[in-house]
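Coordinate analysis (summary)
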Amino acid sequence: MNQMTDVAPEASLDALVDPLDVLIVGAGISGVAAARYLRVERPGDRFAVLDEKDSFGGTWVTHRYPGIRSDSDLYTFGYGFKPWVGPPIATAEEILAYMGEVIEENDIGRDIHYGWRISTAAWDSGRNLWTVTATHAATGTERRVSARFLWMCQGYYRHSKGYTPDWPGMEEFSGEIVHPQHWPEDFDGAGKRLVVIGSGATAATLVPNVAGQVAHVTMLQRSPTYFRSEKNEVPIAAHLRKLQVDESWIHEIVRRETLLMGHDFTERCFAEPEAVRAELIGVARRHLGDAFDVERHFTPAYMPWRQRIARIPDGDLYKALASGKASIVTDEIERFVPEGILLKSGEVLEADVVATATGFDLCAMGDITFSVDGAPVDFHDTVGYRSMMFTGVPNLVWVMGYFRASWTLRAELVAQFVTRLLDHMEAHQKTRVEPRLRDPDMPLHDWADLEDFNPGYLLRGQHLLPKRGEASEWRLNQDYWTEKDEFAAIDLADEIFAYK
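Anyway, here's the lowdown on the structure attached to this text. (Residues numbered from 1 in each chain as written. Predicted model: local features only at pLDDT ≥ 70, side-chain atom pairs only at ≥ 80, totals over all residues. Heavy atoms only, no water.)

1. Considering the overall build of the protein
Along the protein, the regular secondary structure elements total 14 helices and 25 strands. Against the compact-globule benchmark of 23 Å for 500 residues, the protein has a radius of gyration of 23 Å, which places it among compact chains. The principal-axis extents of the C-alpha atoms in the protein amount to approximately 70 × 55 × 50 Å. Within the protein, buried positions represent 56% of all 500 residues. Long-range pairs, those at least 24 residues apart, make up 72% of the contacts in the protein with a sequence separation of at least 6. When the accessible surface of the protein is summed, it comes to about 21200 Å², and 49% of that surface belongs to carbon and sulfur atoms. Measuring between centres, the 51 positive side-chain charges of the protein sit 2 Å from its 75 negative side-chain charges. (Helix = DSSP H or I, 4+ residues; strand = E, 2+ residues; numbered from the N terminus. Rg over C-alpha atoms; globule rule 2.2 N^0.38 Å. Buried < 20%, exposed > 50% of the residue type's maximum accessible area, 1.4 Å probe, protein only. Contact = heavy atoms within 4.5 Å. Areas by Shrake-Rupley, 256 points an atom, 1.4 Å probe, with all protein chains shown as cover. Lys, Arg positive; Asp, Glu negative; His and termini not counted. Charge placed at Lys NZ, Arg CZ, Asp CG, Glu CD.)

2. Focus on the sheet that holds strand E7 (residues 176-178)
Taken in spatial order, the five strands of this open sheet run E7-E16-E8-E9-E12, and their pairing is parallel. The open sheet has two edge strands, E7 and strand E12 (326-330), and neither has a second partner. Pairs of neighbouring strands in the sheet enclose a mean axial angle of 20 degrees, with direction left out of account. Sheet topology note: the strand E8 (residues 193-197)/strand E16 (residues 353-356) ladder contains four bridges and is parallel. Bridge pairing in E16 places Val196 opposite Ala355. (Pairing = 2+ DSSP bridges. Axes fitted to C-alpha atoms, helices over the stretch in contact; angles between N-to-C directions.)

3. Section: the environment of Tyr79
Note that Tyr79 resides in the loop between helix H4 (74-77) and helix H5 (92-105). Each C-alpha atom of the pair Tyr79 and Leu409 lies 7.7 Å from the other, and the pair is 330 residues apart in sequence. Residues within four places of Tyr79 in sequence aside, it is in contact with Gly28, Ile29, Val32, Ala33, Tyr98, Met99, Val102, His251, Arg255, Thr408 and Glu412.

4. Quick word on unusual backbone geometry
One can expect most non-glycine residues to show negative phi and most peptide bonds to be in trans. Here the amide bond leading from Asp18 into Pro19 is cis, since omega sits at 0 degrees, within 30 degrees of zero. Within the secondary structure, Pro19 is located in the loop between helix H1 (9-14) and strand E1 (20-25). The phi angle at Asp367 is positive, at roughly 55 degrees, despite the residue not being glycine. For Asp367, the location among the structural elements is in the loop between E16 and strand E17 (369-372).

5. Topic: the sheet that holds strand E13 (residues 333-337)
Sheets are built from strands paired through backbone hydrogen bonds, the pairs being either parallel or antiparallel. The three strands are arranged E13-E14-E15 in an open sheet whose pairing can be described as antiparallel. Taken across any chain shown, the strands that pair with only one partner, and hence form the sheet edges, are E13 and strand E15 (348-350). Each strand of the sheet is rotated relative to its neighbour by a mean of 25 degrees, with strand direction disregarded.

6. Topic: the pairing of strand E14 (residues 340-343)
By the bridge criterion, four bridges tie E13 to E14 in an arrangement that is antiparallel. The partner of Arg335 across the bridge, within E14, is Leu342. Bridging between E14 and E15 involves three bridges; their strand directions are antiparallel. Pairing of Leu342 across the sheet is with Val348, part of E15. Hairpin remark: E14 followed by E15, antiparallel, with four residues in the connecting loop; positive phi at Gly346, about 100 degrees.

7. Section: the nonpolar core
Core analysis: the largest hydrophobic core is formed by 141 residues, its most contacted members being Ile24, Leu150, Trp151, Phe298, Phe370, Phe417 and Phe497. Leave out the neighbours within four places in its chain, and Leu150 touches Leu23, Val25, Ala121, Trp130, Val132, Phe370, Asn395, Leu396 and Val397. Ranked by size, the runner-up nonpolar core spans 14 residues in total, among them Met170, Ile333, Leu343 and Leu349. (Core = buried A, V, L, I, M, F, W, Y, C linked by side-chain atoms within 4.5 Å.)

8. Concerning the layout of surface pockets
Rolled over the atoms, a probe sized like a water molecule indicates the empty space that remains. Space inside the second largest pocket adds up to approximately 980 Å³. In terms of lining residues, the second largest pocket is bounded by 40 residues, among which Arg228, Thr258, Met261, Gly262 and Arg311 are the most central. Counting only elements with at least two residues in the lining of the second largest pocket, the list comes to helix H8 (247-271) and helix H14 (480-488). Top contributing element to the lining of the second largest pocket by residue count: H8, with eleven residues. Residue classes in the lining of the second largest pocket are distributed as 17 nonpolar, ten polar and 13 charged. (1 Å grid on protein atoms, 1.4 Å probe; cavity = no way out; pocket = protein on both sides within 12 Å on 5 of 7 lines; lining within 4 Å. Points joined across faces, edges and corners; volume = space filled by probe spheres on them. Nonpolar A, V, L, I, M, F, W, Y, C, P; charged D, E, K, R; others polar.)

Okay, here's the thing in structure tokens:
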């Protein structure tokens, strides 16, 4: 049953008006934002949200490992229109509760249809419509839904499977291997030695949160990562609440301060990388003491922000290491052996359980097969306009958030753009739009700029992503402060938009 409407899934889709004005794919943080902006800014539109899960939430439903929390502050990861009143780094449970309030307050629960997996999306120029084929996991029911506009909010990684390298000897290991995306609900670590492979936000969250539940936990990393350790509180927010300032004001003030501080920090990372590097490593040294080998375990080879900087609220990872309940090993894996992991140094790291916090499996378009007038679409052959619209693909917008700031900031910029674009098309009686290059001879490159941002999951998935151009409007800009003004100033009558 559809948990939001209590209507059988096939009946709920059959009741949709055909065609819809907008079909939103995904009910995570981006999809809920999209639905809210349509409800408020275009209340006459007929839209629906399809999600293959049994609940809204996306990432916050997929990940169930101990301590799962945001890696961005909720004053900016939360929505601009909905005040956040909790600590800046929040648990999955707190984020889901917040999203549930947004759904209820904006009456969009009735428009979300759960359990539907979309397999194909076909554009027909004769009808100027997208038609998607969706199958309901629980019943096997297949339905087709048509819409004038397709809004892809499904995220960028495969929720059904995380990325785990194929190390030699994995089948020989006598213990258990789990990926954090599939953490066992009945996990009992009492008396067990746990090795967490990885050094990003997932590993940094998992290690301190299981340190008291297992005999010992070891974080095994191939190379170090930068971490930011800050108190999980906002002093100015607490002070303003004492003054009984309205929560919407507090939210806006803290949001702006957080955005400014984040922008300044990012600017410093590129303007004076050595100074920022010394500061971040210095924090680790203060927490862990001079006897700890910070040079080996917390000194990355790259400069800050070339890969994502993970947050460790209240220094919990450092505290777990300092307590002796957790340890860290920096080495490469030679192979798995029955008793654990043989490292290239020759050491055997004994383990009963190995958690592979080794990243995402990139899935840019939700494993959906796209076609335009019968011709298959390879998004790697397209060029991305501001990484949200694609040459040769009509009436489609894709949400890709920020990596150096909160994802939601860009999801809302895209939502504001889409509602304005739909207003423009309606006012000018246009039914179709797609971006086109100003300069057909502009040099094109793979989507990720290796000198700017180069995490493994992006490099592994370049072939799935659109091309980028050298002009700023044909690439993903990581600067919210620039984009918030640029998006607002987009001229919808510009030649870059081809209407029909």
